[in-house]
Amino acid sequence: MVDKQRSAVVIGAGGAIGAALAEVIAEEDTFATVHRFARSASGAAHLDLDDESSIASAVAHVAGGPPPTLVIVATGLLHDDAGNGPEKALRDLDPAWLARTFAVNAIGPAIVAKHFLPLMPRGERTVFAALSARVGSITDNRLGGWYGYRAAKAALNQLIRTIAIEDRRRNERGIVVGLHPGTVDTPLSRPFQGNVAPGQLFAPDRAAVQLLDVIDGLRPADSGKLFAWDGVEIAP
């Protein structure tokens, strides 16, 4: 995707994958501007998925320049510093942690779409992508466990599908997709890397290049779907 009259937006640029995505996009020099938003950032770059007003402020900031034709939500929550993490059994379910998991992994990206999609040009190829996960596939669930994360990513996949249907009415060339980056060497995956097959643990910069290659190959007919890092579609 090359358009020096348009901009790109990366939300979650304070994380390993988001930072790598923003850096690779900037290095490719295909957009006039690369906007980097993160909860940890201050000023105009601040965006907190829990604060809709901060999302609206980010949109207002982007609206002052070239319109975005690429928006990537590179956020995710699997565990936190308080000891919360993926549940191994039904008895481990905690309502507060479930709500938090849904807030970050599903609700936040949907609210980002609510505000950013209307800013993306009509009649042009545009891509709105959110990082999802293979474990969000109901079809692919054979091991169980990880209740909240699985359910939240499944919810995100359904939201992506539904958003894509509505956005098609606004822009026939628009693409709304979920992307599974694989297992990337980040703080999110670090406690769970023990069973990763050799060659399947990706550095963030490699993951970023792979995801951007997938994005470059997408067509409007792919809107509403979930794709893995290698471009293979993942069943819902």
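So, how was this worked out
Residues numbered from 1 in each chain as written. Predicted model: local features only at pLDDT ≥ 70, side-chain atom pairs only at ≥ 80, totals over all residues. Heavy atoms only, no water. Helix = DSSP H or I, 4+ residues; strand = E, 2+ residues; numbered from the N terminus. Contact = heavy atoms within 4.5 Å. 1 Å grid on protein atoms, 1.4 Å probe; cavity = no way out; pocket = protein on both sides within 12 Å on 5 of 7 lines; lining within 4 Å. Points joined across faces, edges and corners; volume = space filled by probe spheres on them. Patch = residues over 30% accessible without salt bridge, like charges linked within 9 Å, V, L, I, M, F, W, Y side chains within 5 Å. Areas by Shrake-Rupley, 256 points an atom, 1.4 Å probe, with all protein chains shown as cover. Salt bridge = Lys/Arg side-chain N within 4 Å of Asp/Glu carboxyl O. Lys, Arg positive; Asp, Glu negative; His and termini not counted. Charge placed at Lys NZ, Arg CZ, Asp CG, Glu CD.

Student: Before we go on, may I ask you to explain the environment of Ile 55 in this structure?
Tutor: You can see Ile 55 is positioned in helix 2 (residues 52-62). A C-alpha to C-alpha distance of 16 Å links Ile 55 and Gly 65, two positions 10 residues apart in sequence. In this view, Ile 55 contacts Leu 47, Asp 48, Leu 49, Ile 111, Val 112, His 115 and Phe 116; residues no more than four positions away in its chain are not counted.

Student: Whenever I open this one, the layout of surface pockets confuses me. Can you help?
Tutor: Here the idea is plain: a probe the size of a water molecule rolls over the atoms and shows the empty space left. The computed volume of the second largest pocket comes to approximately 260 Å³. If you list the elements that add at least two residues to the lining of the second largest pocket, you get helix 4 (147-170) and strand 9 (233-234). Ranked by the residues each element gives to the lining of the second largest pocket, the list is headed by helix 4, at 5 residues.

Student: Which parts of the structure should I look at to understand a negative patch on the surface?
Tutor: Together, Glu 27, Glu 28, Asp 205, Asp 213 and Asp 216 make up a negatively charged patch on the protein surface. Of all the elements in the fold, those that place two or more residues in the negative patch are helix 1 (16-28) and helix 5 (204-217). When residues in the negative patch are grouped by element, the largest group, 3 residues, is from helix 5. The topology assignment puts Asp 213 in helix 5.

By themselves, these observations are geometric and do not establish any function.
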